[in-house]
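# Structure assessment
Here's the letter readout for the chains.
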Amino acid sequence: MTAPDPFSLPPATPEPRRRNVLFPILIGGGLLTVILLIVVGGAALAFTLLTQRANNLPELLPAETQIYATFTPNLSDLPNIERLRQAFPETFDYQESEATSDLLAERFGVTFAEDIAPWIGTEMAIALYGLPIEALTNLSGLEPADPMNPFSTALDRETNILLLAAVRDQRAAQAFLDKQRAFREQNGERFTTNTINNVTIYASESDTTPFAAFALARNTVVFANKAENIATLVQQENDSTLARNTSFQAVIQALPGDRMATIYISGDTIARLTDAVLESYADTATTTFNDVQAAAQALQGVGLTMAVIERGLRFDAVSVFDQNRLGNDLRERIAQLRPAVSPERAGDVDSAALGVFSFLIPEDWGQQLRDQLAASPETANTLDNLESSLNIDFERDLFRWFHGEGVITVLPLASNDLPVGGYFALRVADRSAAEQGMERISAFVADSFGLVFTDTSLGRTQVQAIEEGDLFVGYGFNGNDLVIAFGRQAMESAFGAEQKLSSQSDYADALRALPSPNSGILHVNLTAVRELYNRVGTDLVDPDLEQRLAPFKAITSTGTVGLNNQGALRGTLLLSIGS
């Protein structure tokens, strides 16, 4: 039987409104890199096909829930859905995928079309609490999961895990539960029952996965790894739910309003993980370690979200702090970690760039480095020893002038032997000091390695360079910009791009979707990277892979400046998708 179109599932039966329920959120797995956010977001798309907009499930869960996930909305509500259809074609056929069919058939003896689609309702979620923090810090001891029982490791057995799905047809939902129970009994499982508040809870005598216990409770199909978790849900008091948790509320209120999926991780969980990790470094604790620990203790939680926008997918990571617990000094240091960078630093580079990264080097970075090294007896004399052996003065020759807004640009070069080059440009406040510093550094390179920088002309511009064949390494000054380049073309680009990155639609559209002001831009032109690989790659790209990658045009990422009034730091990554 053909699976029903998830965009045309019958509307959910109206339910009584609950008291001031908060926004829905999506499952996650911790503080991940922005690249992992793409993976999480792509997986979330498949789950969102099962759901429609609603936000009742936080009312059913205990306030101590550590990780909570819900998947929304009905994708037919989303703009520019065709872009996603082209980029993720298999996601829209997940009900008929081999992996889904095998899991449902072999584990439960059901199909999505006949047994789940008729009743699946307005929300689907996963909740975890009681995480064994010490076990989480010992990643080497974790067992690999069974593909047919993805929550089957010892770690998962210790954790309280609930899988929840809202119901729009009670009779069909009960039929699904009865059918999967009968199938499991035919395969040797035995179940006990317990009735609480007119809800019958079934518990397997042998299964320890999150499917061990199940019930139809409070208009929700619930699976859990322990029957008592469902009993807690059935008896949950309204004033002790996740929805009433003040930290949960603070995180949800700080998230972007256009999100379609969200990950919530409680601050207490992250604080305990941080303490467990830093405990092994107790003998070498530094100011930085103490700051990290204090910040973790003040963290109310983290939210990771995904939104569909006109030109692609936007991922946000938001950390929310209790500013009263941070203290003025730590709050100021956190703000200094994310200073504002002018958008022109990235936008003015050559539009042919494979990638660009703009940032700010703080004026006191040298003193910060000295303080950091001085905090440990083993490194206290490192800089002094280096200065003596290299015969340089770090303060005079580097720290005093090497700060300001910087940009790193990676560019394709014409040579197939050296196909990639680039440059670093730093806008210095004192050009004279920078020139003297670079002269001393180049003299040191000549004395130590025999590599001599000589006067080299680039049109009307004079730079200092080492050049041999296609190899070119040099530096020069373009106004107050110190430019250090690898590749003659890269140096020429730094002194005058024919077309700026800001003129490209993918970059300009991405910039409009990102926070402003921000702490600098990371931009990767995926189209240009693929073109370079096709030009110089020794292995032919698989045509199917090339077709799958074609819709992805660029990745652009940035972060907000300091803490906002809600005590939130936000990092954003945009995956640009072409039509």
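Remember, predicted model here, so these are calculated numbers, not experimental data.

Moving on, we come to the overall build of the protein. Looking only at helices and strands, the protein has 22 helices and 20 strands in total. In the protein, which comprises 579 residues, the proportion classed as buried is 49%. Sequence separation of 24 or more characterises 71% of the internal contacts of the protein that already satisfy a separation of 6 or more.

Turning our attention to the packing of aromatic side chains. All chains considered together, the criterion is met by 19 aromatic pairs. Aromatic pair Phe248 and Tyr264: ring centres 5.0 Å apart, planes at 90 degrees, arrangement edge-to-face. Note that Phe248 is positioned in helix α9 (residues 246-254) and Tyr264 in strand β8 (residues 261-266), a separation of 16 residues in sequence. Like Tyr264, Phe248 is buried. Here Phe394 and Phe399 contribute two aromatic rings whose centre-to-centre distance is 5.8 Å and whose plane-to-plane angle is 20 degrees, an arrangement assigned as stacked. Relative accessible area serves as the criterion here: at 5%, Phe399 is assigned to the buried category. Among the aromatic residues, ring-to-ring pairing joins Phe108, Trp119, Phe176, Phe191, Tyr202, Phe211, Phe214 and Phe223 into one connected group.

What helix α8 (residues 227-234) keeps buried is the set Asn229, Ile230, Ala231, Leu233 and Val234. The inward-facing, buried residues of α8 contact β2 (120-129), β3 (160-167), β4 (191-196), β5 (199-204), β6 (213-217) and β7 (220-224).

All right, on to the pairing of β2 then. Most of β2 is tucked away, with nine of its ten residues classed as buried. Bridge analysis of strand β1 (residues 67-71) against β2 gives four bridges, and the strand direction is antiparallel. Across the sheet, residue Ala69 finds its bridge partner in β2, namely Ile126. One ladder, built from seven bridges, connects β2 with β3; its direction is antiparallel. Across the sheet, Ala127 pairs through a bridge with Leu162, a residue of β3.

Next up on the list: the pattern of salt bridges. Note that side chains of opposite charge can pair when their charged atoms are close. Enumeration over the complete set of coordinates arrives at 22 salt bridges. Two residues, Arg314 and Asp316, come together in a salt bridge whose shortest N-O distance is 2.7 Å. One salt bridge in this structure joins Arg370 and Glu387, with 3.8 Å as the shortest N-O distance. Residue Arg370 is located in helix α15 (residues 365-374), and its partner Glu387 is located in helix α16 (residues 382-390); the two are separated by 17 residues in the primary sequence. The class for Arg370 is partly exposed, based on a relative accessible area of 23%. Connected via shared salt-bridge partners are Arg107, Arg184, Glu189 and Asp207.

Once that is clear, we can look at the confidence of the model for the protein. Looking at the protein, pLDDT values average 81 and 79% of them are 70 or higher. Low pLDDT, under 50, characterises residues 1-54; the predicted model gives this stretch 154 contacts beyond four residues in sequence or across chains.

A word on the environment of Gln66. Within the element layout of this structure, Gln66 appears in the loop between α1 (34-48) and β1. Judged by relative accessible area, which is 5%, Gln66 ranks as buried. Considering only alpha carbons, one finds Gln66 and Asp268, 202 residues apart in sequence, at a separation of 7.9 Å. Setting aside its immediate chain neighbours within four residues, Gln66 contacts Leu128, Tyr129, Gly130, Leu131, Ile133, Tyr264, Ile265, Ser266, Thr269 and Arg272. Here Leu131 takes part through its backbone nitrogen, which lies 2.8 Å from a polar atom of the side chain of Gln66.

Now for the pairing of β3. Counting buried positions along β3 gives eight out of eight residues, so the element sits mostly inside the fold. Of the two faces of β3, the one lined by Asn160, Leu162, Leu164 and Ala166 and the one lined by Ile161, Leu163, Ala165 and Val167 are each fully buried. Relative to β7, β3 runs antiparallel, the two sharing five bridges. Within β7, the position partnered with Leu164 by the bridge is Val222.

Now for the nonpolar core. Considering soluble globular proteins, one finds that nonpolar side chains tend to be buried as a cluster. Core analysis: the largest hydrophobic core is formed by 44 residues, its most contacted members being Trp119, Phe176, Val221, Phe223 and Phe321. Core analysis: the next-biggest nonpolar cluster, separate from the first, contains 33 residues, Leu60, Tyr129, Ala215 and Ala231 among them.

Quick look at the side chain of Ser442 now. With respect to the helices and strands, Ser442 occurs in helix α18 (residues 431-449). For Ser442, the side chain forms a polar contact with the main-chain oxygen of Glu439, separated by 2.9 Å. Contacts of Ser442, omitting those with residues within four sequence positions, involve Phe453 and Tyr475.

Here the focus is the side chain of Asn229. Here Asn229 lies in helix α8. Looking at Asn229, its side chain comes within polar contact range of the side chain of Asn225, at 3.1 Å. Apart from the residues within four sequence positions on either side, Asn229 is in contact with Tyr129, Asn160, Ile161, Leu162 and Ala224.

Right, let's get into the packing of helix α3 (residues 98-108) against helix α7 (residues 170-186). Closest axis-to-axis distance for the α3/α7 pair is 8 Å, and the angle between their directions is 65 degrees. Of the residues in α7, those touching α3 at Ala105, Glu106, Arg107 and Phe108 are Lys179, Gln180, Phe183 and Arg184. Across the contact of α3 with α7, the residue classes break down as three nonpolar, one polar and four charged.

Residues Leu526, Ala528, Arg530 and Leu532 constitute the buried set of helix α21 (residues 526-536). Looking at the packing, one finds that the buried side of α21 touches β12 (404-412), β13 (420-427), β18 (522-525), α22 (543-549), β19 (552-559) and β20 (568-577).

With that settled, consider the environment of Leu299. Its location among the elements puts Leu299 in strand β9 (residues 299-309). Looking at Leu299, the relative accessible area reads 10%, which means it is buried. Taking the C-alpha atoms as reference points, Leu299 and Ala271, separated by 28 residues in sequence, lie 7.4 Å from one another. With sequence-adjacent residues up to four places away left out, Leu299 is seen in contact with Gly267, Asp268, Ile270, Ser319, Val320 and Phe321.

Reading guide: rules and limits
Residues numbered from 1 in each chain as written. Predicted model: local features only at pLDDT ≥ 70, side-chain atom pairs only at ≥ 80, totals over all residues. Heavy atoms only, no water. Helix = DSSP H or I, 4+ residues; strand = E, 2+ residues; numbered from the N terminus. Buried < 20%, exposed > 50% of the residue type's maximum accessible area, 1.4 Å probe, protein only. Contact = heavy atoms within 4.5 Å. Phe/Tyr/Trp six-rings, centres within 6.5 Å; stacked < 30°, edge-to-face > 60°. Pairing = 2+ DSSP bridges. Salt bridge = Lys/Arg side-chain N within 4 Å of Asp/Glu carboxyl O. pLDDT = per-residue confidence, 0-100. Polar contact = N/O pair within 3.5 Å; in protein donor to acceptor, adjacent residues only side chain to side chain. Core = buried A, V, L, I, M, F, W, Y, C linked by side-chain atoms within 4.5 Å. Axes fitted to C-alpha atoms, helices over the stretch in contact; angles between N-to-C directions. Nonpolar A, V, L, I, M, F, W, Y, C, P; charged D, E, K, R; others polar.

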